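Spelled out from the first residue to the last, the chains are:
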Amino acid sequence: MISYLEFEKPVAELEQRIAELRSAAEGDDVDISNELQRLELKSANLLASTYQSLTPWQKTQVARHPSRPHFRDYVEQIFEEFVPLGGDRTYGDDEAILGGFAKLDGRKVVLIGHEKGNDTASRIRHNFGMGKPEGYRKAIRLMELAGRFGLPVVTLVDTSGAFPGVEAEERGQAEAIARSTEACLALPVPMVAAIVGEGGSGGAVALASAERVLMMEHAVYSVISPEGCASILWRTAEKAPDAAEAMKVTAQDLAELGVIDRIVPEPVGGAHRDPRAASASLGNAIGEELDQLAGYAPHELKRLREERFLALAG
Amino acid sequence: MNWFTRVRNSITSLSKRSTEKDLWVKCPSCQQMVFAQEYEDNSYVCPRCGHHGRIGADERLRQLLDEGFDVLPIPDVKEDPLKFRDTSKYTDRLKKARAKSPHKDAFLVGSGAIEGKPAVVGVQDFGFMGGSMGMAVGTAFCQGAERALTRHCPYIVVTAAGGARMQEGILSLMQMPKATVMTRRLKEAKLPYIVVLTDPTTGGVTASYAMLGDVHIAEPGALIGFAGQRVIQDTIREQLPDGFQRAEYLHKHGMVDMVVHRHDLKDTLATLLDYLAPAKAA
Ligand SMILES: [Zn+2]
């Protein structure tokens, strides 16, 4: 059962009519195949045209869609092996940020990413993908491990932002994020980051300071949530659609600004309509990027990464 | 300072301060009226309660660097790259901020010496659009680091910011890794990078160059944190602890090395440089 977004209503209505027609026709002699075919085509076209012209705010909703594939879905679909590693060796294990060894078509990597969860219990367990200091410190630990053992780093970024809480502040949320960004920049191995859903502020940058940054077609990446921006600058969160527009949060905008390097196509109707196809698309893109970076020496990789960020906005 | 010198000072400054109101300032902390001249002479620290007032970048450079330092020109960056507009245009907001400020953005770099020891000091000015970090701030930060690398001397950065310059969208966020490239280069060159956290330092600034220092100094009472207090309250729906996100609280939780009164700041920096500065500086 698909959960429809507000702007998908016309598609939902068509799909519902198709479903009704189907069940009504069951065991009936009336031939409705022509009518069904006509409606299905209409529905498919409508879905395609809707998704071709999504506004930044609509994309934000797609990026946050509850059935959108998350870290663990991608792990299952893309990587033939995943060996999870846990803990920051200081405080605890943060399940909002997962990581471990993984194999992508035989390529050995260290995989790190945010996991939002896909039902109430898992969302709570993963704290809705909002990392705490120990999560970022685990990421740092794994990146250092990757660097020492010559394993490329792949990150899947999907967070509304780092967790805003008293204990997170006390344990140094800001320091953990800063150090994680620093750890990305210090890597002597290739790093490919993919924004797969929401790239929310510093909590995203901490895992995305790579020499190659990919973004799923309907993902968003921004300095603050549209709601947060709107409530500060417009003094009402209701202006979030305007804020999303003004801030330029879409993959298409960010590619134009040179902030990301590659847009990963999603199936028609978004990744949640066909997680398997979305995963295949993402896996291919990451694999290609890793292969391209494989020939670089450690100092060249660092230079690539440094120049990428120094050139941004200078 | 005794009462007579205070009175005398006030007389000499009467010409600048034409109105009765300008003679006095109200301390935002203890709410007492303080003689403006006395406040100024006290480095903008309230003589009654010790509250550290916010100061501009020029004043800060004067307080920290020996006489005769150079001020680097604020770098030119692409203006309003997103053509951003909320209830008013970003370019109009910039114009307004510039009309009130001696500088065209919120980060100023001074190159000189601290008690005879070569140093580059970068200062973030909360008075300019809340000190917010955009391309100009990030680029000026990097130029300060560049100057320290060229002079082979320490880099000291005084932070103050409400967060990122939202009007520059993702490009403001990208200043976090960009500044971090430079803090890493200082590290590789074995040059000390010292952060002085002042009121307020929050958001993306805290989560990047403000927390990457070899030594962290905070001014008393300064608000320092990652997330805003209202955001935290909305998330956890609990009362925030006393003194939460204040300098003393961060010191207690191990995030800063020391909380230092503004009067002692220059001396403290000189002491640290004595241990950390490279033997040969240009
Ligand atoms: Zn006072």
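Calculation notes
Residues numbered from 1 in each chain as written. Chains lettered and ligands numbered in written order. Predicted model: local features only at pLDDT ≥ 70, side-chain atom pairs only at ≥ 80, totals over all residues. UniProt positions renumbered as here; feature names shortened; annotations may be inferred. Helix = DSSP H or I, 4+ residues; strand = E, 2+ residues; numbered from the N terminus. Rg over C-alpha atoms; globule rule 2.2 N^0.38 Å. Contact = placed C-beta atoms within 7 Å. Expected span 1.5 Å × (residues − 1). Buried ≥ 20, exposed ≤ 12 C-beta atoms within 10 Å, placed from the backbone. Core = buried A, V, L, I, M, F, W, Y, C linked by C-beta atoms within 7 Å. Nonpolar A, V, L, I, M, F, W, Y, C, P; charged D, E, K, R; others polar. Domains from an automatic or database assignment. Axes fitted to C-alpha atoms, helices over the stretch in contact; angles between N-to-C directions. Parallel < 35°, antiparallel > 145°, perpendicular 65-115°, else oblique. Left-handed = near helix turned anticlockwise from the far one by under 90°.

As annotated in an unreviewed UniProt entry, chain B carries the name Acetyl-coenzyme A carboxylase carboxyl transferase subunit beta and is attributed to Qipengyuania flava. Heading Function (unreviewed entry) of the UniProt record for chain B holds this comment: "Component of the acetyl coenzyme A carboxylase (ACC) complex. Biotin carboxylase (BC) catalyzes the carboxylation of biotin on its carrier protein (BCCP) and then the CO(2) group is transferred by the transcarboxylase to acetyl-CoA to form malonyl-CoA." Under the heading Subcellular location (unreviewed entry), UniProt records this for chain B: "Cytoplasm".

Under the annotation held in an unreviewed UniProt entry, chain A carries the name Acetyl-coenzyme A carboxylase carboxyl transferase subunit alpha and is attributed to Qipengyuania flava. Under the UniProt heading Subunit (unreviewed entry), the entry covering chain A gives this text: "Acetyl-CoA carboxylase is a heterohexamer composed of biotin carboxyl carrier protein (AccB), biotin carboxylase (AccC) and two subunits each of ACCase subunit alpha (AccA) and ACCase subunit beta (AccD)."

A. Region of interest: the overall build of chain B. Check the secondary structure of chain B and you find 10 helices and 9 strands. Computed over its C-alpha atoms, the radius of gyration of chain B comes to 19 Å, within 12% of the 19 Å expected for a compact globule of 282 residues. Dimensions of chain B, computed from C-alpha atoms along their principal axes, come out at roughly 55 × 50 × 40 Å. Pairs at least 24 residues apart make up 69% of the contacts formed inside chain B by residues separated by at least 6 positions.

B. Main features of helix α5 (residues 135-151) of chain B. Residue and element names in this part refer to chain B. For α5, with 17 residues, the first-to-last C-alpha span of 24 Å sits near the 24 Å given by 1.5 Å per residue. Judged by how many residues are buried, α5 sits mostly within the fold: 12 of 17 residues are covered. Along α5, the positions that sit buried rather than exposed are Met135, Ala136, Val137, Gly138, Thr139, Ala140, Phe141, Cys142, Gln143, Gly144, Ala145 and Ala148. Looking at the buried residues of α5, the elements they touch are β4 (107-114), β5 (117-124), β6 (155-161), α6 (169-173) and α7 (175-188). One or two steps after α5, the chain reaches His152, where phi turns positive at roughly 50 degrees.

C. Main features of the environment of Ala96 of chain A. Residues and elements named next belong to chain A. Locating Ala96 in the fold gives a position in the loop between β1 (81-84) and β2 (97-104). C-beta crowding within 10 Å serves as the criterion here: with 24 such atoms nearby, Ala96 is assigned to the buried category. What Ala96 contacts, discounting residues up to four positions off in sequence, is His114, Glu115, His126, Asn127, Gly129, Met130, Gly131, Lys132 and Gly135.

D. Main features of the nonpolar core. With 157 residues, the main nonpolar core has Val153, Ala194, Ile195, Met215 and Leu282 of chain A together with Phe141 of chain B as its most contacted residues. For this core, the leading source of residues is α5 of chain B, giving 8 residues. Among residues more than four places away in sequence, those in contact with Ala194 of chain A are Leu156, Val157, Leu214, Val264, Leu282 and Ile286 of chain A.

E. The UniProt feature "domain: CoA carboxyltransferase C-terminal" (unreviewed entry) in chain A, seen in detail. Following the UniProt record, one finds the feature "domain: CoA carboxyltransferase C-terminal" (unreviewed entry) at residues 38-292 of chain A. With 46% helix and 19% strand, residues 38-292 of chain A has end C-alpha atoms that lie 45 Å from one another.

F. Fine view of the interface of chain B and chain A. Across the boundary between the two partners, chain B contributes 43 residues, which contact 40 residues of chain A. Elements that contribute at least two residues to the side of chain B that touches chain A include exactly α5, α6, α7 and α8 (229-236) of chain B. When its residues are assigned to classes, the side of chain B that touches chain A shows 25 nonpolar, 14 polar and 4 charged.

G. Focus on the domain arrangement of chain B. Residues and elements named next belong to chain B. As far as domains go, chain B holds domain 1 (1-51) and domain 2 (55-276). Put simply, the middle of domain 1 and the middle of domain 2, counted by C-alpha atoms, are 27 Å apart. Counting residues at the interface gives 5 residues for domain 1, matched by 6 residues for domain 2. Classifying every residue of the side of domain 1 that touches domain 2 by side-chain character gives 2 nonpolar, 3 polar and no charged.

H. Representation of the packing of helix α8 (residues 173-186) of chain A against α7 of chain B within the structure. Between α8 of chain A and α7 of chain B, the shortest axis-to-axis distance is 9 Å and the interhelical angle comes to 70 degrees. Considering the angle they form, α8 of chain A stands roughly perpendicular to α7 of chain B. Where α8 of chain A crosses over α7 of chain B, the two elements pack in a sense that is right-handed. For the pair α8 of chain A and α7 of chain B, the contacting residues are Thr181, Glu182, Leu185 and Ala186 of chain A in the first and Met176, Pro177, Thr180, Val181 and Arg184 of chain B in the second.

I. Expanded view of unusual backbone geometry. Residue Asp199 of chain B is joined to Pro200 of chain B through a cis peptide bond whose omega torsion reads -15 degrees. Residue position: Pro200 of chain B is located in strand β7 (residues 193-201). With phi around 50 degrees, Asn127 of chain A is a residue other than glycine that occupies positive phi space. A count of 22 C-beta atoms within 10 Å places Asn127 of chain A in the buried class. The backbone of His152 of chain B sits at a positive phi, close to 50 degrees, despite the residue not being glycine. Position of His152 of chain B relative to the elements: it lies in the loop between α5 and β6. Residue His152 of chain B is classed as partly exposed on the basis of its 16 C-beta neighbours within 10 Å.

J. A look at the domain arrangement of chain A. Segmenting chain A into domains produces domain 1 (6-53) and domain 2 (59-311). For domain 1 of chain A and domain 2 of chain A, the distance between their C-alpha centroids amounts to 36 Å.

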